[in-house]
Each structure stands twice: as structure tokens, then as C-alpha cells.
Amino acid sequence: MSALLDTWMACVYPDAAARCAPTTADLAALLALALGATLLLVATRRVATALRTLRALSLTPVLSRRLAHWVRPRSYSDEQFFQADGAGAVTVASRRRGIERLAATLHEQYPASRAWGTGIREGFSDLRFTDANRVPFPFARVMRERFDLCSVVTASDGPYLQTLDGHATLDVGGSYGVNVAGFGRYKDWMARGLERVRDLGPVLGPLHPVTAENIALLRRISGLDEVSFHMSGTEAVMAAVRLARFNTGRKLIVCFSGAYHGWWDGVQPGLGSERPLDDCLTLKDLHPASLDVIRRRAGEIAAVLVNPVQSFHPNAPPPSDAVLLTSGVRRTEEGTERYAEWLRRLRAVCQEASVPLIFDEVYTGFRLAPGGAQEYFGVTADMVVYGKTVAGGMPIGVVCGTKALMRRFDPERPMRIAYVIGTFSGHPVVMGAMNEFLRWVIEPPTAALYAEMNERCADWTRATNHGLADAALPIRVVHLGTVWTVLFTEPGRYNWLLQYYLRAEGVSMSWVGTGRCLANMDFTEKDYEALQTKLLSAAHAMNADGWWPRAAEHPGRERRMRMQLVREVVGSLVRVPRPLRTFYTEVMRRKKDDHHASHSDLTNQLFHIVSSSVFLGCYVLAFWDLTTAMWAGLAALFLRQIGHAVLEPPCHDKEATLLGFNTRNKTLVLGVYLAIPVVHLMLAPEWTAAALGPLVPAVAQQWFGWTLLVVGGRVAYLVWAQNAWLAMVWLVKLATDPLTDIVAYSPRYLKRS
């Protein structure tokens, strides 16, 4: 290094005595030094960026994708199904009756729909997928054996759907977002739209003249320059993302945790996407660190993709056992002002950093207001994606954007294009129905219809929550416009069952995959009253069947549920060999039989708690002080046997071979323990402290030897009389009894005492 500095100094100061004459090795070393410094600088910047991003990064999608490859299938037995939250025998019996009654009700109501669904289920993969995701997978087998639901409808009348079985069900599914204005209006728009283009038919390529008016209306509503038509909302999102990447020259798309942007894997960071997503960054919603990441990584970000219904947070998954279900899991914001402020800040950051902001309004577009979420929140976007209702009841996806973002070719490089096109684009029938809707939505009276629709839903929410609170039911409803969802105010593992109780009350819904319900302009005050009655009735029935035990009545219930979920997840990740699982099940079954056989007396349970605590301490103490451990252990053993021999004396025939020694056998064994010190006392020359002191460790050692003889002899006997497997079951049960006794008896004793 000194030589390199001398060479550099000579080059800087040409008047120096030694002229600069660097060698090839000097130049190579300087180049390596410069390259190393550059790499260090780049690495430092990347590490700093990664650390800043980590603060804003949502880890849930990443973890869920990892777990998807590790978690193995698990199905509850019938007994486990009803006791997943640790419920007692009385509650389990009530739940069994409730499930059977609910299944019978739905079978009686929908025989034709069930038969129709059975006929197509094997050939219709969509229906099988829905069935598989209606409930958390450990519960699926039991539910599948008792319920085979299929929604088959033949007509609509106002907010009611006519089923194949002739029942009128109140629809809150809203056709996944299509139905804003009421089915009657859409049927009219579809019919009039078809009539307008009847002479043309399904001509694709050439455009019907009505398309021009649609483009003008969409530009007016969105406030943007250009329009592009697509087949679906998912396809429109794909188009918007591709155009943003093409016109910015950047790769990264930012979205926010909990949002849903269609089934395309490019914007599906969590479950359901198998390909690596290094070009989609999922950040925390409503988090200032996310804004900081957008500022600092603006040079990488092609667009920020926002689902404006995030303010309501029903984008989170439907009730599932991936997490413990509490009201905190599916939270909402109080009002919309906080989220509107967040969107304004996001808009400002994107504008400052020259990052396009895309509103995905496939679901919210034209539901919250005639101008969509842009009008509702007072925030404009650089691109807006519409779907669902904008085509007047027909399938569609629409992208509206600025001229700079909608360009699909590079004027400087003619071979560089963004291939975004669709055969279906501008389908005449769709354009006709769209025109009917767009002309209706811009009419002045329509704004009053929206205001009335939203106010009715707000009134219903308030009235329903009063009714739920008065009935002390652990659910509440919240809404954003006419989008509403159910919150659960108590932790539980069965909240997903509410959808079945609602179906039994005649509510038609599409909860699977959405977690949200919808009202529309057809809902009158009478319809809302009917919906409130049905919701309260379903909740009352579910509560009466014992699915919502109160935390105040069951202390520690939430902790037990969390621990049970942790055990299940660990059990799914760590594959224990089947023989070990069978062995564990058998040991625990025998412990349960033992507890039922002779451990019901309250004082006996206290004796077991005390003696088991001493035993556990002796297990550890024996390695250092065998004498103390044996004397303390024998005292605990005598206390334990008094509980059996005096407080609960009955002997059980099976106990002798299956659970170990019976009460008589145990008493004889204890007699030998007692005889050992008695013999020593009889043989002692005198009964003084000096003479008896050395006998204490000798007695302890002989007790230890007798213990080994008794346990070893019992194991040998069981191997000879039964088999080695049963002998090991007995040995493991015996060794672990102190721990399981404390776990089993402490809560019971404390509660009863």
C-alpha cells in the first residue's frame, strides 16, 4: 500500500524528483481497490434499503407461502371437531345436537339443489374448490360428511333469489360486487343493451358506434385520458401492471397487505401463487414506514396498486384457523376520514416520487359513489381499474389512465411494444349494456339514490348492533357504504359456522374468499328488517348450541386455544412417525381412563397435585442427592396412596393390566417400602442419632433398588403376559404421570375450591 501511495504522489506532483512510472501490478491493484470500494458502497446501500424496507414489509404473505409447502393435511376426528376449543362434555353434547339439527334443516330445505350439485361436482372443479375452502381444513371432513351445500337459483326478484327448491332467499352476496343498483335495473340494461346491438351480433374487431359514447363517459367519470377494455377485472389489473412497467421502465409493483387484486399470481403475494414474487412488494397498510419505502425506492417502483376498500379491511381472509379469530383479526377503521387522509398522503408521496398510483376499483367502482372511490375519498389516481357493475350486468374489465401510462409502443424503439390486447375487447352486447349503465350513473337523480342506499345500510348497522348488544351476542356488524361484514367480539374457533346458520335462515351469501357481504338499492326498510331478524336468529341459534363460550365463564380458554393451534401447526410441520403418534395416543388414553377411574375426590386431587410436584422435583434432585430425593419421594408416594386407599378405594379389574398396579398391589408395594426402615431399626444396636444417622442413606439406596425391582419387574411381567408395546405404554405413563396430573387436576381443584 505504501508503494501505491508513493506512485500516486509522484503522479500528482510532477516536479517531484521521481517521475510517475506505475507498473502493471500497481494499476491492477488500484483497479481492484476502486472496484472493491464500489462493491462495498453498493452492498451498504442495498443493506440499508433492505433494513428500511423490512420495517414496512408485511411478513404474513411470505410466511403463508412458506407454510403452504410444509403444512400437511390434518382432519379432526368427530370428538376433536367438537372439542377444538377445549369445551366440556355438556357443551360438546349441545354442539353435536346443534350440528345434526342444522344439517337436517338444510337437507330438508334444499334437496333439489343438493342433488343438482352432486351431479356436477365431479366435473366442475370450481365447485370442488369452493367446497374445500368453505371451512378451515381440520374441520372440513366432518362438515363435508354432513353438509353438501350448493346454491342453485333460477330467478331474482328485488333482493331475493329463487332457489331450485322454490325458496326465496335474501341475497347479500351481491354477485361478488356486480349488484349495486338492484337486479331489476340490470335485467333492463342487459335487455336494452342487447336490443341496441341485435343487428350486429357478436362481431369482434370492428367496433359498434356505442363504444365511442362509452369511452367519453368513462373519461368523464374517471377524469383520465384514455380507456382500454378487457374481459374481466383480473385481466384489467394485469393490463394496468404491464402498462405501468412498460412506460416507467421499472419492474417493482407495490401493493398492501390484505388487498385482493384478482387471481393473477403477479399480484397475489400470499396463498394461491406458486411462482417467486421478486417483482411484487407487499407493504403494511396505513403505516408511515411504507411511505418512506416508496420515497426511497422510487427508482425501482413501476406503480403502487391500491384497493380502496382497504379502509374497511374485509380484504383479510374469511374466518379461518390460520389465526385465532378475534375482532382484532378482522378490524375496521372508525369512519373513512383516517383512510382518506392516508390516501391523500400516499397520493402526495407518489406524485413527489414520480410513481404512478393505480386504484383497483373492480370491487368498489360505482358502489361507494357514482364516481367510485376517487369521488368517495376525494383522491385521484393515475390509473383506475373498473369491473363488475360498470358493464350493466355483463362481464367486463376496464382500465382508464393518463396518456403517458396507456401507451403501448415506444416511438423511439419500434420493436419495443407492450402487448396488451383482448379478443373480447369492445364486445357489442357488453358495450350496449355498459352504455345503459353509464348514462344512468351520470344522471343527477342517481347521486340521491346512492346517498339513500348508503344511509339505509348505516341505519340498519346501528339498529342491528343495538339488537346484538341487547342479546349479549358476541358479534357486531360494520359497514362501508353498502359493503358490510361481521366482527366477532370473542375469541373462538367456530366463527366460520355462522355462514351455515345464516343459510338455514334463508340468507344467500358468497362469504367464501371475501369475508364481506353486500346490500343494494333494492333493499327497502322492510328488507333490512328481515335481514336483521335473520342475522339475530342465526346468532341466537349458534349461541344456544354452545359454539360461543364466554371467556369470562371459561378462564384461560383463549390461552388454551392458542396453545392448541400452536401444537397443531407444529404437528403439521414436524411429521411425527405414525407409530409414535399411535403410542402417544394410547398413553394419553390410559391416563384419561385412570383419571376417570379414581381421581374424582377433591382432596385426592389435592394430594396428587402435592405429590406430583414433589416427584418432579425428585426427578431432578436424584442426580445430586439420591438420599433426599428418595425420602421426599417416599413421603409423596405415601400421601398419594392414602388418597387412593382411603378417599377413593375402589379397585378396577382393567387397572391391574392396562393402567399398572391396582390399589391392593400398590398397598403391598408400599408395605415393602415401610418394612425396609423397620428392619434397619430392629437390627440397630441402639436408637441414637449417632447410630441411626448412617442408616438414612442406606435405607434410601435400598428404596431405590426396590423401586428399580418393582418397575423393572412390572415391565418384564407385561412383556411376558401381554407384549413389549404395552409394557412401554405403562412405563411411559408411569414416568409422566406427575406432569399430566398437575396439568389435569390443578385447574379443576382451583376452580372447585
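Residues numbered from 1 in each chain as written. Predicted model: local features only at pLDDT ≥ 70, side-chain atom pairs only at ≥ 80, totals over all residues. Heavy atoms only, no water.

1. Examining the overall build of the protein
When helices and strands are counted, the protein shows 28 helices and 16 strands. Here the protein holds 753 residues, and the buried ones make up 47% of them. (Helix = DSSP H or I, 4+ residues; strand = E, 2+ residues; numbered from the N terminus. Buried < 20%, exposed > 50% of the residue type's maximum accessible area, 1.4 Å probe, protein only.)

2. Some points on helix 10 (residues 210-222)
Its 13 residues give helix 10 an end-to-end C-alpha distance of 18 Å, which sits within 8% of 18 Å, the value for a rise of 1.5 Å per residue. Inspection of helix 10 places Val210, Thr211, Asn214, Leu217, Leu218, Ile221 and Ser222 among the buried residues, and these make up the whole buried set. Around the axis of helix 10, the buried residues are gathered within 125 degrees of arc, so they sit on the same side. Those residues of helix 10 that are exposed and aimed more than 90 degrees away from the buried face are Ala212 and Arg220. Looking one or two residues past helix 10, Gly223 carries a phi angle of roughly 75 degrees, positive in sign. (Expected span 1.5 Å × (residues − 1). Arc of directions from axis to C-beta.)

3. A look at the environment of Arg95
Here Arg95 shows up in helix 5 (residues 89-109). Classification of Arg95 by relative accessible area gives buried; the value is 0%. Note: C-alpha distance between Arg95 and Trp547 (452 residues apart in sequence) is 6.8 Å. In contact with Arg95, not counting residues within four places along its chain, are Phe82, Asp85, Ala87, Tyr494, Asp545, Gly546, Trp547 and Pro549. Here Phe82 takes part through its backbone oxygen, which lies 2.8 Å from a polar atom of the side chain of Arg95. (Contact = heavy atoms within 4.5 Å. Polar contact = N/O pair within 3.5 Å; in protein donor to acceptor, adjacent residues only side chain to side chain.)

4. Re unusual backbone geometry
With phi around 60 degrees, Ser354 is a residue other than glycine that occupies positive phi space. Within the secondary structure layout, Ser354 lies in the loop between helix 13 (337-353) and strand 8 (357-361). Residue Lys388 is not a glycine yet carries a positive backbone phi of 55 degrees. Relative to the elements of secondary structure, Lys388 occurs in the loop between strand 9 (383-387) and strand 10 (397-401). Accessibility expressed as a relative area gives 28% for Lys388, which makes it partly exposed.

5. Observations regarding the side chain of Asp85
By the element assignment, Asp85 lies in the loop between helix 4 (78-82) and helix 5. Beyond its immediate sequence surroundings of up to four residues, Asp85 is in contact with Arg95, Tyr494, Pro549, Arg557 and Met561.

6. So, the sheet that holds strand 13 (residues 475-480)
Backbone-to-backbone hydrogen bonds join strands into a sheet, with any given pair of strands oriented parallel or antiparallel. Reading across from one edge, 13-14-16 is the order of the three strands in this open sheet, with antiparallel pairing throughout. Bordering the open sheet on either side are strand 13 and strand 16 (517-518), each of which pairs with just one other strand. The pairing of strand 14 (residues 483-488) with strand 16 spans two bridges and is antiparallel. Bridged to Val483 within strand 16 is Leu518. Most of the contacts of helix 17 (residues 444-470) go to strand 13, to which it runs at about 170 degrees, and overall it touches strand 13 and strand 14. (Pairing = 2+ DSSP bridges. Axes fitted to C-alpha atoms, helices over the stretch in contact; angles between N-to-C directions.)

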